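# Analysis of the macromolecular model
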Amino acid sequence: MADDSSIDLDRLAHEHADALRAGEYTSRELTEATLTRIRAQQDPLNAYITITEELALEQADAADARLSSDSAAPLTGVPIGVKDLLSTRGVPTSAGSRILEGYRPIYDCTVVDRLQNAGAVIVGKTNLDEFAMGSSNEHSAFGPVRNPWDTDRVPGGSSGGSAATVAARGVPLSIGTDTGGSIRQPAAFCGLLGLKPTYGRVSRYGVVAFASSLEQVGPFARDARDVAELLGTIAGADPLDSTTSPELVPDYTAGFERGFEGLRVGVPSQFFAEGLDDGVRQAVETAIDTFEAGGAIIDRSVELPTSPAALPVYYIIAPSEASANLARYDGVKYGFSFIEGESVDEEMSETRARGFGDEVKRRVMIGTYALSAGYYDAYYLKAQKVRTLIRREFEAAFTDHDLLLTPTTPSVAFALGEKLDDPFAMYLNDLYTLPVNIAGNPALSIPCGFDQGLPVGLHLIGRPFDEETLLRASHAFEAETDWHRQAPASGS
Amino acid sequence: MALSTDEVRHIAHLARVALSDDEVERMRDQLSSILDHFDVLSEIDTDGVPPTAQSFELTNVERADEVGSSVEREEALEGAPRREDGYFRVRAVLD
């Protein structure tokens, strides 16, 4: 039996899984060591809103029992962090907002349910931008998360805590959500892999809703094999979410031996236009060369001309859906409530004024405006029509390409506070990730180099329900490079 | 497109978000500048293009209409800020 301090927490999830099976250490030992580390990293990272120590140890003991009875699944006994947007029964679920103060869900969301059935050990609920609205994790009622590569910089958002804790080697895996880039952008900023699955691939049941037609739950990890394993665990049809697809969940590692050979790769010029930092461009171009050298066929003639319009389309559709989804926070059923008013209206308006942060108020206001009488056609309906055009362009691009390569973000991680006073400058961060949510395709960000000492993300966009090709390409890239093995100095 | 202070107050009322006078001013400036960025959409020709509400439409997803378990009343009321006789309590909606 290993002493806590001798467990190598820098290991990948599948390496832990092998060690647990070999009896090198128990899940309880691994979980205790993990809890010690993530607690120590809270200052300065602030990656967790709640650390679920007691539950984690219970789950670890159950995992150890499974491991000794040979009924273990691949993730059994492996620690994982879950974004605090996912409902966990009896465990505070804040969505990063004051308005859910004291709220404890009375059920588990499907993804958490599946993780528990697989025997994964949930060590805590990770910090996020309030209601997943933000690109820096600075819009959290629980304070900002810091980037392990440079603690004066943001980790990205909205799944900033999920990214920071994996980058800092606190846990090998975590769960985020991606509505406009909220998994891929923090993955890029923190030097990790982050996957937004195809819309409908993973159940949204029990995930606090922001923009229902755009969001998906997905994994953060440090190599393609771990992403494949975690996606395979959480994906698939769910009777509780009628937008999940009946499409079968394949073995996501099936293409791992096939390398780059014969992959038809499109590189759309629209994602390399002005606004892209030179250092990011260079790292991405070098990565594209690696694909080509390995046998991929690179085509730079592919066009997605309407994709720049994804930004305004997104900032109409997402706030519109948000304004409807967030109408439920009325101070009547749960959470924070202002009860000293004179009327229903006053109490609701004060509850929401005091419970919501600035960015959430801004988006609820934009959405309310875009849906209001007289403006619906000009904003919401127009945005939905442009959405059709963007989707069609993606469909056309994938008739003769297997994947598209772009940068994940126009720059590396920016400084805390840098974009806080200019909402639109913050939105520009998601320029390359938003079009994918608009179209619904799957996309993966993988580490592909550094600019100014900070990680750069390569963005792989795939055909609907073809996550397998993204992971195959990522695995091939990992065989040729070691960017995914780089760790921040503050990590261990 | 510049919003007026009155428009901001109207939207805030529709959204049930109480705003101070300072917040109304700030919100007016920020929302107006965000709306300016939406203007590019009017330059895109969408004649005859149908709207997309959701990317991969599954239509008429059905299930058997069977009685299942549901949430217990007591459980549902657990987090209620105010309750009375097994109900959520709110201020009178009508006078």
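Presented here is an overview of the structure given in this document. Fair warning: this is a prediction, and the values are worked out from it, not measured in the lab.

Let us look at the pairing of strand β11 (residues 454-462) of chain A. Residue and element names in this part refer to chain A. The buried fraction of β11 amounts to 9 of the 9 residues, a majority that puts the element mostly inside the structure. The pairing of strand β10 (residues 443-451) with β11 spans 8 bridges and is classified as antiparallel. Across the sheet, Phe450 pairs through a bridge with Pro455, a residue of β11. Once β10 ends, the chain turns through 2 residues before running back antiparallel as β11, passing Gln452 with a positive phi of about 55°.

Taken together, the contact between chain A and chain B spans 57 residues of the former and 41 residues of the latter. When residues of the side of chain A that touches chain B are traced back to their parent elements, those giving at least two are α9 (310-325), α10 (344-355), α11 (358-371), α12 (377-397) and α13 (423-428) of chain A.

Residues and elements named next belong to chain A. Spatial ordering of the open sheet is given by β1-β3-β2-β4-β6-β5-β10-β11-β9-β7-β8, a layout of 11 strands whose pairing is mixed. Edge positions in the sheet fall to β1 (48-51) and β8 (297-299), since each of these pairs with one other strand and no more. Strand-to-strand twist of the sheet, defined as the mean angle between neighbouring strand axes without regard to direction, takes the value 30°. Bridge count for strand β7 (residues 264-266) against strand β9 (residues 403-407) is 2 bridges, and the pairing is parallel. Directly across from Gly266, in β9, lies its bridge partner Leu404. In the packing of helix α2 (residues 27-45) onto the sheet, contacts are made with β1, β2 (79-83) and β3 (121-126), and the angle to β3 comes to roughly 15°. Sitting on the sheet, helix α3 (residues 53-68) is in contact with β1 and β3, with an inclination near 155° to β3.

Before going further, it helps to examine the nonpolar core. All names here are of chain A. One finds Ile80, Leu193, Val313 and Leu460 to be the most contacted residues of the largest nonpolar core, which totals 153 residues. The greatest single-element share of this core, amounting to 9 residues, is contributed by α9. Setting aside residues no more than four positions away along its own chain, Ile80 makes contact with Leu115, Ala120, Val121, Ile122, Val123, Val171, Leu173, Ser174 and Ile175. With 5 residues, the next largest nonpolar core counts Ile7, Leu9, Tyr25 and Leu30 among its residues.

Each full turn of the α-helix corresponds to 3.6 residues, which orients residues three or four apart in the same direction. Residue and element names in this part refer to chain A. Those residues of helix α1 (residues 13-22) that fall on the buried side of the exposure criterion are Ala13, His16, Ala17 and Leu20. Along α1, the residues classed as buried sweep out an arc of 105° about the axis, all on the same side. Of the surrounding secondary structure, the elements contacted by the buried residues of α1 are α2, α3, β4 (173-178), β6 (216-221) and α7 (224-234). One or two steps after α1, the chain reaches Gly23, where phi turns positive at roughly 75°.

The rules behind the values
- Residues numbered from 1 in each chain as written.
- Chains lettered and ligands numbered in written order.
- Predicted model: local features only at pLDDT ≥ 70, side-chain atom pairs only at ≥ 80, totals over all residues.
- Buried ≥ 20, exposed ≤ 12 C-beta atoms within 10 Å, placed from the backbone.
- Helix = DSSP H or I, 4+ residues; strand = E, 2+ residues; numbered from the N terminus.
- Pairing = 2+ DSSP bridges.
- Contact = placed C-beta atoms within 7 Å.
- Axes fitted to C-alpha atoms, helices over the stretch in contact; angles between N-to-C directions.
- Core = buried A, V, L, I, M, F, W, Y, C linked by C-beta atoms within 7 Å.
- Arc of directions from axis to C-beta.

In short, the description is geometric, and any link to function would need to be established separately.
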